[in-house]
Amino acid sequence: MAAPPTIPRRSLFIGGGWREPSLGRRLPVVNPATEATIGDIPAATAEDVEIAVAAARDAFLRDGGRHWSRAPGTVRAKFLRAIAAKIKERKSDLALLETLDSGKPLDESDADMDDVVACFEYYADLAEALDGKQRSPISLPMENFKSYVLKEPIGVAGLITAWNYPLLMATWKVTPSLAAGCTAVLKPSELASLTCLELGAICIEVGLPPGVLNIITGLGPEAGAPLSSHPHVDKVAFTGSTETGKRIMTAAAQMVKPVSLELGGKSPLIVFDDVDIDKAVEWAIFGIFLNAGQVCSATSRLLLHEKIAKQFLDRLVAWAKNIKISDPLEKGCRLGSVISEGQYEKIKKFISTARSEGATILYGGARPQHLRRGFFIEPTIITDVSTSMQIWREEVFGPVLCVKEFRTESEAVELANDTHYGLGGAVISNDQERCERITKALHSGIVWINCSQPTLVQAPWGGNKRSGFGRELGEWGLENYLTVKQVTKYCSDEQWGWYQPPSKL
Ligand SMILES: NC(=O)C1=CN([C@@H]2O[C@H](COP(=O)(O)OP(=O)(O)OC[C@H]3O[C@@H](n4cnc5c(N)ncnc54)[C@H](O)[C@@H]3O)[C@@H](O)[C@H]2O)C=CC1
Ligand SMILES: N=C(N)NCCCC(=O)O
Ligand code: NA
C-alpha cells in the first residue's frame, strides 16, 4: 500500500502564481472509494474567469507574442519537455492523487501518467515541427500571384474537461494548445481536479511564462459556463457529457467561436464466430470494465454471433467473476469505485430500469458484498436486451455491458450503427476482409480491429453524430488550435489594369 497521502491545498493557478478565488469559496474533495472528504479545491466564479482570461490574453499578446505565441517552436517545446520531465519525476505521487480523487485502480492511474508524459513529449515534437510547416506554397495556375499559408495560434483557448481521466484529458488539450502557441485557461471537472492543480505547481517549477496556462477549478455553471461564453476566449475544447456539450456549443455560438467536442458514446463491439474465445472475451472485458466503464469510448454494447453466444457468455461471466474489485490502492485491483455518489446512483438506476424493462441481469448488478463503503458496483452483464430499451440506447458511464446476438454480418452492422452516438466501434474476427468491410460500415470516428480501447497519442481521436466533432491527438489535435492564414502576393511589374488609368495631368 502507498504511503499515507497528503492532499496539497492549492489556490487557483492564474498568471503564473496562486490566487485565492474571488469569493473565497472551496469545494470538498471526496475519495469515492472510501466516501471520506480528503481535502478541498478552490471554487472559481465568473470574477476569476475574467482574471484568468485576461492573464491568458496578456500572455498571448505580450511583447508582440515574442515569448510565446510567435516564439520559435523550440521555445515552447522546451517548456513542454520540462513539464513532461517533472511529471515523470512525480509520477507516483500524481498517480496516487489521481486514484484518491477518482477511485480508479492505481495501476490505471500509473498508466495514465505515462500517457500524460508521452503526450507532453509528443506535442513538444510537433511544436518544433510546426516551424518547418510554415509558408507552405500553394500552387497557382498563374505567374503574377504567389500564395502561401501560415498556421497561426488561434488565441486564448478555453479547455473544459471531465473527471474520468482527469489529468490525461486536460493534457490532451493543454499540450496541443500550448504547442500551437495558444495560451489557455483549463477548467477541469469539480469531481477530480487535484492532479490538474498539481500541473499548476509544475508550471511554476519549470518557469512557464506567466499566463500561458491558467488552471481554474470550480463548478460547471459557475466557472465553465463563463469561460465558454467569454468574448476573449477564441476557442473552446470540451470533453464531457452530450448535454453539457450542447450548452457549450450554444454559448460559443453567440460569439461564433470554434468548438471541438468529445462527448458521450455507446460503442459496439462485434464478435464473430471464428475467434479465439478467451482472447476476445478479455478485450470485451477490457472494453467495458476499464476505469469502471467510465470511458467515452467504452464498448458498452456487445454483439455476439449466435453460434458462439452461449459459450462466449459463459466465459465472459467466468472472467468477470475473476476481476479483482477492491480499494483501488490495493495491489492488483482491476475495478475500483465509480467517481461519485451521483454517478453510483445513476448507474444503479440504469440497472434497475433495464430489469424493469425486461432485460436479464446475467451477472453483477449490485454492490460487491465485501465492500461496505465506497461507490463500488460489480461488473454487470445484461442480456435479453431489445433495441428500444434504455440500456441499449443511453450511455451509462459505468461497468455495465449489454449484449445482443446477431446472425449475419449485415445484421451486426445494423445493430452496431443503431445509436445516436458515433465515437468508437470494434470488431473481432479472424477474417481480415470482413474486418475491413465492417470498418467501412461503422459510423464512428474510431474503429478497433481485434481489440478495444488502445489509445495512441499519434492517432486521431474523436467522434461523429452526437459524440461530437473535431479530433484530438496526433497532428489533428494540433490543428484544433491553429488558424490558417492565406498570404497572397502580387509579384508583377505590370499595372493591374482593371480600371482605365486617369490622365497623368
Ligand atoms: N463522454 C465522456 O467523456 C464523459 C461523459 N460523461 C457523462 O456525463 C454524465 C454527467 O457527468 P458530469 O460530470 O456532470 O459531466 P459534465 O459534462 O457535466 O462535465 C464535464 C465538464 O463540464 C463542466 N460543465 C458542466 N456544466 C457546464 C456548463 N454549463 N458550461 C460549461 N462547462 C460546464 C463540468 O464542470 C466539467 O468540467 C456522466 O454520468 C456521463 O454519463 C461525463 C464525463 C465524461
Ligand atoms: N486512455 C485511455 N485508455 N482512454 C482514454 C479515453 C478518453 C475518454 O474517455 O474520453
Ligand atoms: Na473526487
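Bear in mind that the values here come from a model prediction, so they are computed numbers and not experimental data. (Residues numbered from 1 in each chain as written. Chains lettered and ligands numbered in written order. Predicted model: local features only at pLDDT ≥ 70, side-chain atom pairs only at ≥ 80, totals over all residues. Heavy atoms only, no water.)

### With respect to the state of the cysteines
The test is simple: Defined by distance alone, a disulfide is two cysteine sulfur atoms within 2.5 Å.
Under the definition given, this model contains zero disulfides. No disulfide involves Cys182; its sulfur sits 15 Å from the nearest other cysteine sulfur, which is in Cys119.

### Remarks on the UniProt feature "active site" (unreviewed entry) in the protein
Inclusion rule: UniProt positions are given in the numbering used here, feature names are shortened, and annotations may be inferred rather than shown by experiment. Secondary structure elements follow DSSP: runs of H or I of four or more residues count as helices, runs of E of two or more count as strands, with numbering from the N terminus. Any pair of residues with heavy atoms lying within 4.5 Å of one another is described as a contacting pair.
Feature annotation in UniProt places "active site" (unreviewed entry) on Glu262, given in this structure's numbering. Its place among the elements puts Glu262 in strand β11 (residues 259-262). If near-sequence neighbours (up to four positions away) are discounted, Glu262 is found in contact with Phe238, Thr239, Gly240, Leu423, Trp461, Gly462, Gly463, Ser467, Gly470, Arg471 and Glu472.

### Focus on the coordination of the sodium ion (ligand 3)
Going by this rule: In this listing, donors mean N, O and S atoms no farther than 2.8 Å from the metal, or 3.2 Å for Na, K and Ca; water is missing from the atoms, so a site can look incomplete. Each residue gets one of three labels from its accessible area relative to the maximum for its type: buried under 20%, exposed over 50%, partly exposed in between, using a 1.4 Å probe on protein chains only.
Of the protein atoms, only Val30 (O), Asp101 (O), Asp101 (OD) and Leu191 (O) coordinate the sodium ion (ligand 3), at distances of 2.3 to 2.7 Å. Taken in chain order, the donor set of the sodium ion (ligand 3) reads V-x70-D-x89-L. Placement of the pair is Asp101 in helix α3 (residues 91-102) and Leu191 in the loop between β8 (183-187) and α6 (194-206), with a sequence separation of 90 residues. A relative accessible area of 2% means that Asp101 is categorised as buried.

### Description of the nonpolar core
Test applied: Nonpolar core, defined: a set of buried Ala, Val, Leu, Ile, Met, Phe, Trp, Tyr and Cys residues in which side-chain atoms within 4.5 Å join the residues together.
Membership of the largest hydrophobic core comes to 134 residues, with the highest contact counts inside it found for Leu213, Ile270, Val271, Leu302, Phe312, Leu316 and Ile391. The element best represented in this core is helix α4 (residues 106-132), accounting for eleven residues. Residues contacting Val271, with those up to four places away along its chain left out, are Ala280, Leu302, Leu303, Leu304, His305, Ile308, Phe312, Phe406 and Ile428. With 22 residues, the next largest nonpolar core counts Ile14, Ala55, Ala223 and Leu227 among its residues.

### So, helix α11 (residues 341-356)
For clarity, the threshold we go by: To estimate the expected span of a helix, count its residues, drop one, and scale the result by 1.5 Å.
For α11, spanning 16 residues, the distance from its first C-alpha to its last is 22 Å, which sits close to the expected 22 Å at 1.5 Å a residue. Every buried residue of α11 is listed here: Gln343, Tyr344, Ile347, Phe350, Ile351, Thr353 and Ala354. The inward-facing, buried residues of α11 contact β14 (360-363), β15 (380-383), α12 (390-393) and β16 (400-406). In the stretch just after α11, Gly358 is the one whose phi turns positive, near 105°.

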